[in-house]
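The lines below spell out each chain.
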Amino acid sequence: IPALSVRGLRKTYDNRVQALKGVSLDVAQGDFFALLGPNGAGKSTLIGIVSSLVNLSEGSVSIFGTDLVRERDAAMRLIGLVPQELNFNMFEKPLDILVNYAGFYGVPRAQAIERAEVELRRAQLWDKAQMMSRTLSGGMKRRLMIARAMMTRPRLLILDEPTAGVDIEIRRGMWQTLREINAAGTTIILTTHYLEEAEHLCRNLAIIDRGAIVASGPMKALLARL
Ligand code: ADP
Ligand code: ADP
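Residues numbered from 1 in each chain as written. Chains lettered and ligands numbered in written order. Predicted model: local features only at pLDDT ≥ 70, side-chain atom pairs only at ≥ 80, totals over all residues. Heavy atoms only, no water.

The name given to the chain in an unreviewed UniProt entry is ABC transporter ATP-binding protein, with Novilysobacter selenitireducens as the source organism.

See the structure below:
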């Protein structure tokens, strides 16, 4: 079974914008997958539906075989989401942010502390664990967002334009963390409008434009056609 399976997905917003016009796609377990497309293509809408933030109008979504509409809670437990905007408390320490987040999702405290060390190390933030988050650099704050999402041990990590508006050094640091997470077995899907980012990170991709998938397949095969 795929990590993500989307069939005939349509989304029409209340203002009648047709953001998705019948999207179907599969993302295999273990894949590092990019959804590439220009602004307004429907990337955030698709990610929003998969992470249950946006209601779908028509079609189906299943996550490791679990139907998103019929078994929403079970499906959501398989997902970790990294939103685009920094939304942690800048006056908390990274360690506390991670442990409290896991606690909110029912992870026992001792286990949360163990996981926090693993995730902070992987995000190269272990030496910053006890600093005020406000004082972290832009790249560190972004990696903290990724580390936090991993605290619930998601099987599928979803990132909506994780590197929009950040410079190349920050992007490289995030890429490193994401590669390690993927190498350890977590399936990753990210949206991006940077071809370069998709090219560096991802094995497979889909290109979306005006609410429809216009190409999809292995990165190498698609690059050869561009
Ligand atoms: P849903 O069907 O998922 O509940 P809605 O159609 O109700 O989504 O829209 C969610 C909110 O986003 C609304 O308050 C709407 O006003 C606002 N919104 C409207 N147009 C846009 C747009 N082009 N981009 C982003 N948000 C918008
Ligand atoms: P992308 O992430 O690729 O930039 P979006 O999914 O944000 O694309 O947007 C796809 C289309 O849907 C755009 O025309 C956008 O204006 C519209 N849209 C996005 N969110 C909303 C919303 N909440 N309400 C109404 N229209 C929206």
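*Asks:* Before we move on, could you go through the packing of helix α5 (residues 138–149) against helix α6 (residues 168–183) and cite the residues and values that matter?
*Replies:* As a packed pair, α5 and α6 sit with axes 9 Å apart at the nearest point and diverge in direction by 25°. Comparing their axes, α6 and α5 come out roughly parallel. Classified by chirality, the crossing of α6 by α5 is right-handed. On α6, the residues touching G138, G139, R142, R143 and I146 of α5 are I170, G173, M174, T177, L178 and I181. Looking at the contact of α5 with α6 residue by residue, the class counts come to five nonpolar, four polar and two charged. (Axes fitted to C-alpha atoms, helices over the stretch in contact; angles between N-to-C directions. Helix = DSSP H or I, 4+ residues; strand = E, 2+ residues; numbered from the N terminus. Parallel < 35°, antiparallel > 145°, perpendicular 65-115°, else oblique. Left-handed = near helix turned anticlockwise from the far one by under 90°. Contact = heavy atoms within 4.5 Å. Nonpolar A, V, L, I, M, F, W, Y, C, P; charged D, E, K, R; others polar.)

*Asks:* How would you explain the site of ligand 2 if you had to name every residue and give the values?
*Replies:* What surrounds ligand 2 is the set Y13, N15, V17, A19, P38, N39, G40, A41, G42, K43, S44 and T45. Within the backbone of G42, a nitrogen or oxygen atom sits 3.0 Å from an oxygen atom of ligand 2. Expressed as a share of its isolated accessible area of 560 Å², the protein-covered part of ligand 2 is 63%. Looking at side-chain class alone, the shell around ligand 2 contains five nonpolar, six polar and one charged residues. (Near = heavy atom within 4 Å. Polar contact = N/O pair within 3.5 Å; in protein donor to acceptor, adjacent residues only side chain to side chain. Areas by Shrake-Rupley, 256 points an atom, 1.4 Å probe, with all protein chains shown as cover.)

*Asks:* Describe the site of ligand 1, listing the residues and the values that go with them.
*Replies:* As a structural note, the neighbourhood of ligand 1 is formed by K11, Y13, D14, N15, V54 and N55. Between K11 and ligand 1, the recorded distance is 2.7 Å, taken from a side-chain N or O atom to an oxygen atom. Note that a nitrogen atom of ligand 1 is positioned 3.4 Å from one of the side-chain N or O atoms of N15. Contact with the protein chains hides 32% of the accessible area of ligand 1, taken as 560 Å² for the molecule alone. For the shell around ligand 1, a count of residues per class yields two nonpolar, two polar and two charged.

*Asks:* How would you explain the environment of L95 if you had to name every residue and give the values?
*Replies:* Topologically, L95 is positioned in helix α3 (residues 94–104). We classify L95 as buried; its relative accessible area is 17%. In the structure, L95 is positioned 25 residues away from L120 in sequence and 7.8 Å away in space, judged by C-alpha atoms. L95 has contacts with A116, L120, A129 and Q130, leaving out every residue within four places of it along the chain. (Buried < 20%, exposed > 50% of the residue type's maximum accessible area, 1.4 Å probe, protein only.)

*Asks:* Explain the sheet that holds strand β1 (residues 4–12) to me, and be specific about the residues and the numbers.
*Replies:* Strand order in the open sheet made by the four strands is β2-β1-β4-β5, with antiparallel pairing throughout. Strands at the two margins of the open sheet, each flanked by one partner only, are β2 (18–27) and β5 (66–67). The sheet contact formed by β1 and strand β4 (residues 58–63) spans five bridges and is antiparallel. Counted as the bridge partner of R10 is E58 from β4. (Pairing = 2+ DSSP bridges.)

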